[in-house]
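Read off the chains here:
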Amino acid sequence: TVGTVGNFNKIKNQLFFLKIANNFKNDKNINFKIIGNVWETQKSYYQSCIKYISKNNIKNVKILHNCKDVIANIRKFDVFLLTSLHESSPIVLWEAMSQKKPIISSDVGDLRYLMKLKKFGYILNDYDEKKFIFAIKMILKKSKMRKIFSNNSYTLYKKNFTKKKYEKKFLSFVQDII
């Protein structure tokens, strides 16, 4: 399962995620999952995603709305795929890292910097479907690579993004402005 989390909107770029899934629609072993709500202002974008699924007869995608336990669902993913156009600090990736998931992402936020610390997957700087498809195939095909990326994800999470780490950073920030 290749999964993503994000409320439906153009910035999160679920339509690109679906285009990638479309390339795997004949592979019965690979499924895609989107966890995300649809806000009133984004119904049009969501409908364009649903039309794309229908038009291309994509059966390997599941969309989960109003998810009560995102972490439990991320735990079931084999790869976390982020296709966002913009992010500052993508918290959903830290959640995926907390579950030891290898990451494939568009080049957003601080990911390039983190990748220099530990290689946890692939960061792709353009929206070329073929590059994302290749990255997915590599991670799913090479179990040793997947395990290394998974362990590195978790190591980065523990070092930088636990609740305790965020509390320290927040308190330091507040103390600096007082």
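Here's a quick rundown of the structure. (Residues numbered from 1 in each chain as written. Predicted model: local features only at pLDDT ≥ 70, side-chain atom pairs only at ≥ 80, totals over all residues. Heavy atoms only, no water.)

### A short note on the sheet that holds strand E4 (residues 79-82)
Reading across from one edge, E3-E2-E1-E4-E5-E6 is the order of the six strands in this open sheet, with parallel pairing throughout. The sheet terminates laterally at strand E3 (61-64) and strand E6 (121-124), the two strands that pair on one side only. In this sheet, adjacent strand axes meet at a mean angle of 20° when their direction is disregarded. For strand E5 (residues 103-106) and E6, the ladder comprises four bridges, and the chain directions are parallel. Paired with Ser105 across the strands is Ile123, a residue of E6. Packing against the sheet, helix H1 (residues 14-22) makes contact with strand E1 (2-5), strand E2 (32-35), E3 and E4, and its axis sits at approximately 165° to E2. (Pairing = 2+ DSSP bridges. Helix = DSSP H or I, 4+ residues; strand = E, 2+ residues; numbered from the N terminus. Axes fitted to C-alpha atoms, helices over the stretch in contact; angles between N-to-C directions. Contact = heavy atoms within 4.5 Å.)

### Focus: the packing of aromatic side chains
If you walk through the whole model with that rule in mind, you get nine aromatic pairs. Between Phe16 and Tyr127, the aromatic rings sit 5.5 Å apart at their centres with planes inclined by 85°, giving edge-to-face as the arrangement. In this pair, Phe16 is assigned in helix H1 and Tyr127 in the loop between E6 and helix H6 (129-141), connecting sequence segments 111 residues apart. Exposure remark for Phe16: the relative accessible area of 7% places this residue in the buried category. In this structure Tyr127 comes out as partly exposed when scored by relative accessible area, which is 35%. Through successive ring pairs, a cluster of aromatic residues spans Phe16, Tyr127 and Phe132. (Phe/Tyr/Trp six-rings, centres within 6.5 Å; stacked < 30°, edge-to-face > 60°. Buried < 20%, exposed > 50% of the residue type's maximum accessible area, 1.4 Å probe, protein only.)

### Quick notes on the pattern of salt bridges
Evaluation of the coordinates by the stated rule reveals four salt bridges. Note that Asp107 and Arg112 form a salt bridge whose closest N and O atoms lie 3.1 Å from each other. For Arg112, a relative accessible area of 36% gives the class partly exposed. Taking the shortest distance from any N to any O, the salt bridge between Lys131 and Asp126 comes out at 3.2 Å. Taking the relative accessible area as the measure of exposure, Lys131 reaches 36% and is therefore partly exposed. (Salt bridge = Lys/Arg side-chain N within 4 Å of Asp/Glu carboxyl O.)

### Digging into helix H7 (residues 143-160)
The end-to-end C-alpha separation of H7 is 26 Å, in line with the 26 Å expected for 18 residues at 1.5 Å each. If you check which residues of H7 are buried, you get Met145, Phe149, Ser150, Asn152, Ser153, Leu156, Tyr157 and Asn160. Summarising the axial view, the buried residues of H7 lie within an arc of 165°, below the 170-degree limit, and thus occupy one face. Among the exposed residues of H7, those pointing more than 90 degrees away from its buried face are Lys144, Lys147 and Lys159. Considering only its buried residues, H7 is in contact with helix H4 (91-98), E5, helix H5 (111-117), E6, H6 and helix H8 (163-177). (Expected span 1.5 Å × (residues − 1). Arc of directions from axis to C-beta.)

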